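Architecture and fold: a report
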Amino acid sequence: MKLRKAKYSRSKATAVEPTFDDKAPVPAHVAIIMDGNGRWAQARGLPRFVGHRQGVKAVRSTVRACSDLGISYLTIYAFSSENWKRPASEVDELMGLLRVYIRRELTELGREGVRIRFIGDRGRLADDINHLITNSEESTKNNTGLTFTVAINYGGRQEILEAARRFAQHVQEGEHEPEDINESLFESYLESEKLPDPDLLIRTSGEQRLSNFLLWQSAYTEFVFTSTLWPDFKKKNLEQAVAEYQRRERRYGGSSH
Ligand code: IPE
Ligand code: IPE
Ligand code: MG
């Protein structure tokens, strides 16, 4: 039998932006790699920290947009385990912004019913930041709105290693046998333990990599990459990413139907 040439409709499809359908299911959990603050500032001849400050505004509008769209979980990558490699002045600026952000914005969001959580290694963070983090988690833990998780000093590999180390410790203490390990038990050792896996992961700024974000959890996540720089990311961009998600077929290794 002669095989018919497959119709290639993709280029045609991408020419038209998919439109957000408010009747179609939205992803329950959206994860975002907020990238491009530095380039946003550079393009305007401004220092990088101006881009970071502008980036905070984009976080504000994105949290609200997620609630509006009916998304239940939002996780943002704010500072990676590898971001310590940046000049001390930039790291200080980012930590300073974090302090202000938690005090002002997160307190306000908490009042609006948002449940706030943090993932990442807290060991290297300043004591006052740790204090703010614990406070905002505690004071919002009974909120029933959007679950908003901020990843700070977070690395997917580090999270997996820490889970393995703690499991090994429990084996040594006789609490578990090595053969007890399975996906759900292993997940209970991860920091994201109470979060569903992300359905949609968005990365801004045109880079197409995970940069050590949610490695375990993104096994079957749909990825959307956009060239928009993070400070320019608006509700419309979120809707476009969700629209792209809505037309994907998730198969989890099964066959198409
Ligand atoms: C993302 O923007 C913010 C953080 C990583 C903290 P960048 O600072 O990485 O911006 P670019 O990638 O240099 O443009
Ligand atoms: C990833 O962005 C980390 C965050 C957005 C917090 P980076 O800008 O650090 O990633 P790379 O270095 O380009 O991979
Ligand atoms: Mg970057």
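None of the values given here were measured: they were computed from a predicted structure. (Residues numbered from 1 in each chain as written. Chains lettered and ligands numbered in written order. Predicted model: local features only at pLDDT ≥ 70, side-chain atom pairs only at ≥ 80, totals over all residues. Heavy atoms only, no water.)

1. Some remarks on the overall build of the chain
Condition: A run of H or I in DSSP becomes a helix once it reaches four residues, and a run of E becomes a strand once it reaches two; helices and strands are each numbered from the N terminus. Note on method: radius of gyration uses C-alpha positions; expected globular size equals 2.2 Å times residues raised to 0.38. In this scheme, a residue with accessible area under 20% of its type's maximum is buried, one over 50% is exposed, and one in between is partly exposed, where area comes from a 1.4 Å probe on protein chains only.
Secondary structure summary: the chain contains eight helices and six strands in total. Sequence-ordered secondary structure for the chain, helices as α and strands as β, is α-β-α-α-β-α-β-α-β-α-α-β-β-α. Taking 18 Å as the expected radius of gyration for a compact globule of 257 residues, we find that the chain reaches 20 Å, a close match to that expectation. Here the chain holds 257 residues, and the buried ones make up 45% of them.

2. Section: the sheet that holds strand β5 (residues 200-203)
For clarity, the cut-off: For two strands to count as paired, DSSP must find a minimum of two bridges between them. Lines fitted to C-alpha atoms define the axes here, with helix axes fitted over just the stretch in contact, and angles between the N-to-C directions of these axes take values from 0 to 180 degrees.
Taken together, the six strands give an open sheet; going across it, the order is β3-β4-β2-β1-β5-β6, and neighbouring strands pair in parallel fashion. The open sheet terminates on both sides in strands that have one partner only, identified here as β3 (115-119) and β6 (222-225). Adjacent strand axes in the sheet meet at a mean angle of 20° when their direction is disregarded. As paired strands, strand β1 (residues 29-33) and strand β2 (residues 73-80) are joined by five bridges and run parallel to one another. Within β2, the position partnered with H29 by the bridge is Y73.

3. What about the site of ligand 2?
To be explicit about the condition: Any residue with a heavy atom lying within 4 Å of a molecule or strand is counted as near it. As used in this structure description, the phrase polar contact means that two N or O atoms lie within 3.5 Å; if the pair is within protein, one of them must be able to donate a hydrogen and the other to accept it, and residues adjacent in sequence are counted only when both atoms belong to side chains. Methods summary: accessible areas were calculated by the Shrake-Rupley approach with a probe of 1.4 Å, and residue burial reflects only the protein chains presented. Nonpolar residues are Ala, Val, Leu, Ile, Met, Phe, Trp, Tyr, Cys and Pro. Charged residues are Asp, Glu, Lys and Arg, and all others, Gly as well, are polar.
Neighbouring ligand 2 are I33, M34, D35, Y77, A78, F79, S80, N83, R86, R203, R209 and S211. A distance of 2.9 Å separates an oxygen atom of ligand 2 from a polar side-chain atom of N83. In this structure, R86 approaches ligand 2 through a side-chain N or O atom, which is 3.2 Å from an oxygen atom. For ligand 2, whose accessible area on its own is 390 Å², the fraction buried by protein is 77%. Looking at the shell around ligand 2, the element that brings in the most residues is β2, giving four residues. The class makeup of the residues in the shell around ligand 2 is five nonpolar, three polar and four charged.

4. Here's the deal with the nonpolar core
Quick reminder of the rule: To form a nonpolar core, buried Ala, Val, Leu, Ile, Met, Phe, Trp, Tyr and Cys residues must be joined to one another through side-chain atoms within 4.5 Å. Should any heavy atoms of two residues lie within 4.5 Å, those residues are counted as being in contact.
L74, F148 and L238 are the most contacted members of the largest nonpolar core, which has 44 residues in total. Looking at this core element by element, the count peaks at nine residues for helix α4 (residues 88-111). Those residues within four positions of F148 in sequence are excluded, and the remaining contacts are V59, V63, L74, I76, Y101, L106, L109, V114, R115, I116 and R117. With ten residues, the next largest nonpolar core counts A31, A151, Y154 and L214 among its residues.

5. Re the site of ligand 1
Taken together, 13 residues form the shell around ligand 1, and within it D35, G38, R39, R48 and R86 come nearest. One of the side-chain N or O atoms of R48 is found 2.9 Å from an oxygen atom in ligand 1. Contributions of two or more residues to the shell around ligand 1 are made by α2 (37-43), α3 (48-69) and α4. With three residues, α2 is the largest single contributor of residues to the shell around ligand 1. Grouping the constituent residues of the shell around ligand 1 by class yields three nonpolar, five polar and five charged.

6. Structural notes on helix α6 (residues 156-172)
Inclusion rule: Helix span, expected: 1.5 Å multiplied by one less than the number of residues in the helix. The directions from the helix axis to the C-beta atoms are what the arc is built from.
Here α6 is 17 residues long and its end C-alpha atoms lie 24 Å apart, about the 24 Å a rise of 1.5 Å per residue gives. Buried within α6 are the following residues: G156, E159, A163, F167 and H170. Around the axis of α6, the buried residues are gathered within 70° of arc, so they sit on the same side. Relative to its buried face, α6 has exposed residues pointing more than 90 degrees away, namely R157, L161 and Q172. Packing partners of the buried residues in α6 comprise β4 (147-154) and α7 (183-187). G174 sits one or two residues past α6 and shows a positive phi near 85°.

7. So, the side chain of E222
On the secondary structure map, E222 appears in strand β6. At 3.0 Å, the side chain of E222 and the side chain of R248 are in polar contact. If we ignore the near neighbours within four places in the chain, the residues touching E222 are D199, L200, L201, Y245, R248, E249 and R250.

8. As for unusual backbone geometry
Of note in the backbone geometry, S211 takes a positive phi value of approximately 45° without being a glycine. Along the chain, S211 turns up in the loop between β5 and β6. The partly exposed category is assigned to S211, whose relative accessible area is 29%. Phi is positive for Y252, close to 50°, though the residue is something other than glycine. Considering the arrangement of structural elements, one finds Y252 in the segment after α8 (235-246).

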